[in-house]
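Structural features, examined
What follows is the residue order along each chain.
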Amino acid sequence: MRKLIGDFFKESNVIEVVGIARNGKDAIQKIKALKPDVVTMDVEMPEMNGLEALKRIMAETPVAVVMLSSTTQKGTEITLQAMGYGAVDFVAKPSGTISLDLHKIKEELVEKVENAANVSMSKLNIVTPKVPTTILNLLDRKIEADKTIGAKRVSNWNKANKKMVLIGTSTGGPRALQEVITKLPKDMQAPVLIVQHMPAGFTKSLAERLNQLAEIEVKEAENGDIIRNGHAYIAPGGYHMKIHKIGSTYSIVLDNEEAPRAGHRPAVDVLFEDSSHYNDFDKIAVIMTGMGSDGSKGLRQLKKNGNVVAIAESAATCIVYGMPKAAVETNLVNEVVDLENIAKAIIQYLP
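What you are looking at is a predicted structure, and each value in this text was computed from that prediction instead of being measured. Residue positions are given per chain, counted from 1 along the sequence in the order it is written. Since the coordinates come from a predicted model, pLDDT governs what is reported: local features require at least 70, and pairs of side-chain atoms require 80 or more to be given and counted, while whole-chain, interface and lining totals use all residues. Hydrogens and water molecules were not included; the side-chain quantities draw on all heavy atoms of the structure.

**Quick word on helix H7 (residues 173–181)**
Here is the rule we go by: Summary of the burial criterion: residues with accessible area below 20% of their type's maximum are buried, those above 50% are exposed, and those between are partly exposed, where the area comes from a 1.4 Å probe applied to protein chains only. Only runs of H or I of at least four residues qualify as helices and only runs of E of at least two qualify as strands under DSSP, and these elements are numbered from the N terminus. It is the directions from the helix axis to the C-beta atoms that the arc portrays.
Those residues of H7 not exposed but buried are Gly173, Pro174, Ala176, Leu177, Val180 and Ile181. One side of H7 holds all its buried residues, which, seen down the axis, span an arc of 160°.

Here it is in structure tokens:
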């Protein structure tokens, strides 16, 4: 598998393979000696597994890491942990631990490695210092005051109206979602619908992980789920997420027949476009870190119908400033917010 992956990179004009390691221990020594821009690493390795090696790498010689993972339950859980420890991205192996058909993921792997080379490591290792409460209070007030700068106020926004929060993200999304979802209050008066670009299997592990950490209920969406306030629903890998209205109740519809959009299923554009058909609730649309432009077409549709507040993650905190940048360029975004303040920005628009 090392040979196969090395051969993939040889065909790229911008990637040079500077070394190969046999296991996690070997990798730590070679990273120190060779100082690569990017490391590809298997979750499962002899002597020292990928998770342990990743922790050591991030502590001693931080570098952009792209994980390769099997889609077993254990593999998906470990991959999500790896994202939490600082891995930039991951690629799912097509057929288990030993995948001899790696050519199926060749283009995806090469693209993700090329993009990982541009990631600022400082954004993956944000340390929040402890600040005295008096200073925190001052900071909070400053954040409130600063919100008006560069923000486009929303006309006809009535806090009493029903609300729905729509979130789209991709590369760097698991960490970003953890930062936002864990700050939302249990009694929030809105449901949260989330599209995170991930293959099947990984979205379930992501939902379970977030559910353990958050006050609100988080689950991988299932067909027919009734959409409730204080609950977050993550679109499963391989399915677009839409909604359906029966009377005054909304439920989730999963669609694996509509083609992927720009290679993505689920796609943020599909969720946004579908939601634009329902005007009896106001929408808070949030676009966070990710490659590409998914979400910006859907945002245009959302803004044509009903009351919509659009929030984009700032370039300062994005792992990849692709999707938020494309959204901002539509000139329809109301607020550009650092990651740690996105939950607060959402809450201010809720009843």
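**Considering the sheet that holds strand S10 (residues 282–287)**
Which entries qualify depends on this criterion: The criterion for strand pairing is that DSSP finds at least two bridges linking the strands in question. Only the stretch in contact is used when fitting a helix axis, every axis being a line fitted to C-alpha atoms; angles between N-to-C directions are given from 0 to 180 degrees. Residue contacts are defined here by distance: any two heavy atoms, one from each residue, within 4.5 Å place the two residues in contact.
Ordered in space as S6-S7-S5-S4-S10-S11-S12, the seven strands form an open sheet in which the pairing is parallel. Unpaired on one side and paired on the other, strand S6 (217–220) and strand S12 (335–337) mark the two borders of the sheet. Averaged over all adjacent pairs, the angle separating strand axes in this sheet is 20°, with direction ignored. Where strand S5 (residues 192–196) and strand S7 (residues 231–234) come together, three bridges link them in parallel fashion. Paired with Val192 across the bridge in S7 is Ala232. Helix H8 (residues 202–213) contacts S5, S6 and S7 of the sheet and is inclined by roughly 170° relative to S6.

**Quick notes on unusual backbone geometry**
A cis amide bond links Arg265 to the next residue, Pro266, at an omega of 15°. In this structure, Pro266 sits in the loop between strand S9 (249–255) and helix H9 (268–275). Positive phi, close to 50°, is recorded for Lys35, a residue that is not glycine. Positionally, Lys35 belongs in the loop between helix H2 (24–34) and strand S1 (38–42). Overall, Lys35 belongs to the exposed group, its relative accessible area being 65%. The phi torsion at Asn331 lies on the positive side, around 65°, for a residue other than glycine. The residue Asn331 is located in the loop between helix H11 (323–328) and S12 in this model.

**Side note on the pattern of salt bridges**
Rule in force here: We count a salt bridge whenever a side-chain nitrogen from Lys or Arg sits within 4 Å of a carboxyl oxygen from Asp or Glu.
Applying the stated criterion across every chain, the model contains 23 salt bridges. Between Lys93 and Asp42 there is a salt bridge; the shortest N-O distance is 3.0 Å. Note that Lys93 is positioned in the loop between strand S3 (89–92) and helix H5 (106–116) and Asp42 in strand S1, a separation of 51 residues in sequence. The pair Lys93 / Asp42 is uniform in exposure class, with both members buried. With a shortest N-O distance of 3.5 Å, Glu258 and Arg261 are connected by a salt bridge. Residue Arg261 is classed as partly exposed on the basis of its relative accessible area, which comes to 27%. Connected through shared salt-bridge partners, Lys242, Asp255, Glu258, Arg261 and Glu273 make up one network.

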